[in-house]
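# Summary of structural features
The chain contents come next:
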Amino acid sequence: MFIVMQVILAVFILVGGFIKLLRIPFQVEHWQHYQYPLWFMSVIGLIEVMVAIGILSGIWNRYLAVGSSVLLLLLMVGAVHAHMYRAHQSIVMILPAIICLISSIILIIKNLT
């Protein structure tokens, strides 16, 4: 069951990373609300793709899972901040980032115990 959660989280982050890297119009619009430069969206997208690969690889190497999950935790803290304080969005828009943040904490704890 834990591996299923890990795969689902990785796929979700991977899709989000590719959406940013490909500059899908709705993501560009969101990014403009956050008031960050567009080049930063590409950087975050690349990091998300690397995190997703790390989380998937973490199925076989728990240290890789922990490292990737810590990086995801940091990204999700930034995402929650961007949604809440930079774009002043509703809780509905913030929920995916919060769920990913909580999932990353679970992955860290599970792989360290």
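Further up the page is the structure itself.
My aim in this report is to walk through the structure given alongside it, one point at a time. Only a predicted model underlies this, so the values are computations on that prediction, with no experimental measurement involved.

## Examining the side chain of Asn-111
As for its placement among the helices and strands, Asn-111 is situated in helix H5 (residues 91-112). For Asn-111, a relative accessible area of 8% translates into the label buried. In this structure, Asn-111 is in contact with Phe-2, Arg-62, Ala-65 and Val-66, ignoring residues within four places of it in sequence.

## Description of the packing of helix H1 (residues 2-21) against H5
At their nearest, the axes of H1 and H5 sit 11 Å apart, and the two run at 135° to each other. By the criterion of interaxial angle, the relationship of H1 to H5 is oblique. Classified by chirality, the crossing of H5 by H1 is left-handed. Contacts between H1 and H5 pair Phe-2, Met-5, Gln-6, Leu-9, Phe-12 and Ile-13 from the former with Pro-96, Cys-100, Ser-103, Ser-104, Ile-106, Leu-107, Lys-110 and Asn-111 from the latter.

## Notes on the pattern of salt bridges
Per the counting criterion, the structure on display carries one salt bridge. For Glu-48, the salt bridge is made with Lys-20, and the minimal N-O distance between the two is 3.1 Å. Of the two residues, Glu-48 is situated in helix H3 (residues 38-57) and Lys-20 in helix H1; the sequence distance between them amounts to 28 residues. Given the relative accessible area of 10%, Lys-20 is considered buried.

## Quick notes on the packing of H3 against helix H4 (residues 62-86)
Between H3 and H4, the least distance of the axes is 8 Å, while the angle of their chain directions is 145°. Once H3 is placed against H4, the crossing between them reads as left-handed. In this structure, H3 contributes Ile-44, Ile-47, Glu-48, Val-51, Gly-54, Ile-55 and Ser-57 to the contact, and H4 contributes Leu-64, Ala-65, Ser-68, Ser-69, Leu-71, Leu-72, Leu-75 and Met-76. Broken down by class, the residue content of the contact of H3 with H4 amounts to ten nonpolar, four polar and one charged.

What counts and what doesn't
Residues numbered from 1 in each chain as written. Predicted model: local features only at pLDDT ≥ 70, side-chain atom pairs only at ≥ 80, totals over all residues. Heavy atoms only, no water. Helix = DSSP H or I, 4+ residues; strand = E, 2+ residues; numbered from the N terminus. Buried < 20%, exposed > 50% of the residue type's maximum accessible area, 1.4 Å probe, protein only. Contact = heavy atoms within 4.5 Å. Axes fitted to C-alpha atoms, helices over the stretch in contact; angles between N-to-C directions. Parallel < 35°, antiparallel > 145°, perpendicular 65-115°, else oblique. Left-handed = near helix turned anticlockwise from the far one by under 90°. Salt bridge = Lys/Arg side-chain N within 4 Å of Asp/Glu carboxyl O. Nonpolar A, V, L, I, M, F, W, Y, C, P; charged D, E, K, R; others polar.

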